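If you want the building blocks of each chain, they are given just below.
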Amino acid sequence: MSKREELIAKYASDLKEKCNIEADMDLLTKVTIGCGPSIYNADSSVVSGSSDSELLTVKNNFLIKKLGLEDSAKLDEGIEKVMELYGKSNRNKYRAVVYYLLTKHFKKESVYNK
C-alpha cells in the first residue's frame, strides 16, 4: 500500500468515526490527489479551524478558485458547518477531509469528474 493509499484510508476512517459519514472513496481519492504534496507535510496536511487566516485560505484557494464558487456569506457558513461536523474540539482536521466535506456540502462533486 502506497503512502497516499494509507492516508486515504486514514481519511475515510476519520469521516466514519468523527463525522459518521461513509466516504465516497472515488471522490475522496480525487480530493486527496487534488491536495497535492500538502498531504505529506505535517503542518499543511491539517486545517486549523480556529485560525481565521487558515479558514480564509480554505475559502479563497479551495472554494473560490478550485470549486468556482462566488464569494458570499454562504461560503463562511459552509466552512462553519463543516468545522462543526468535523468537531470543533478535534485538533487534527485533515485538509483532504475538510475539502471532501466542503465539496459534498456545496454539491460540487462534478469539479472532480473531469
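Above this text you will find the structure in question.
What counts and what doesn't
Residues numbered from 1 in each chain as written. Predicted model: local features only at pLDDT ≥ 70, side-chain atom pairs only at ≥ 80, totals over all residues. Heavy atoms only, no water. 1 Å grid on protein atoms, 1.4 Å probe; cavity = no way out; pocket = protein on both sides within 12 Å on 5 of 7 lines; lining within 4 Å. Points joined across faces, edges and corners; volume = space filled by probe spheres on them. Phe/Tyr/Trp six-rings, centres within 6.5 Å; stacked < 30°, edge-to-face > 60°. Helix = DSSP H or I, 4+ residues; strand = E, 2+ residues; numbered from the N terminus. Buried < 20%, exposed > 50% of the residue type's maximum accessible area, 1.4 Å probe, protein only. Expected span 1.5 Å × (residues − 1). Arc of directions from axis to C-beta. Contact = heavy atoms within 4.5 Å.

## Here we look at the layout of surface pockets
Part 1 of the reasoning: By volume, the largest pocket amounts to about 160 Å³.
Part 2 of the reasoning: Taken together, Asp43, Ser44, Val46, Val47, Ser48, Gly49, Ser50, Glu54 and Arg91 make up the lining of the largest pocket.

## Quick notes on the packing of aromatic side chains
Part 1 of the reasoning: For the coordinates displayed, the defined rule picks out 2 aromatic pairs.
Part 2 of the reasoning: Note on Tyr11 and Tyr94: the rings are 5.3 Å apart at their centroids and 50 degrees apart in plane angle, and the pair reads as tilted. Linking Tyr11 in helix 1 (residues 3-19) with Tyr94 in strand 2 (residues 93-94), this pair joins segments that are 83 residues apart in sequence. There is no split in this pair, since Tyr11 and Tyr94 are both buried.
Part 3 of the reasoning: Seen from their ring centres, Phe62 and Tyr99 are 4.0 Å apart, and the 10 degrees between their planes marks the pair as stacked. Here Phe62 is found in helix 3 (residues 52-66), whereas its partner Tyr99 is found in helix 5 (residues 95-105), with 37 residues between them in sequence. Of the two residues, Phe62 and Tyr99, neither departs from the other in class, the shared state being buried.

## Topic: helix 4 (residues 73-86)
Part 1 of the reasoning: Here helix 4 spans 20 Å end to end across 14 residues, near enough to the 20 Å set by a 1.5 Å rise per residue.
Part 2 of the reasoning: The complete set of buried residues in helix 4 reads Leu75, Gly78, Ile79, Val82, Met83 and Tyr86. Seen from one end, helix 4 has its buried residues packed into an arc of 135 degrees, which puts them on one side. Facing away from the buried side of helix 4, by more than 90 degrees, are the exposed residues Ala73, Lys74 and Lys81.
Part 3 of the reasoning: Where the residues of helix 4 are buried, they touch helix 1, strand 1 (46-47), helix 3, strand 2 and helix 5.
Part 4 of the reasoning: One or two residues past the end of helix 4 sits Gly87, with phi positive at roughly 105 degrees.

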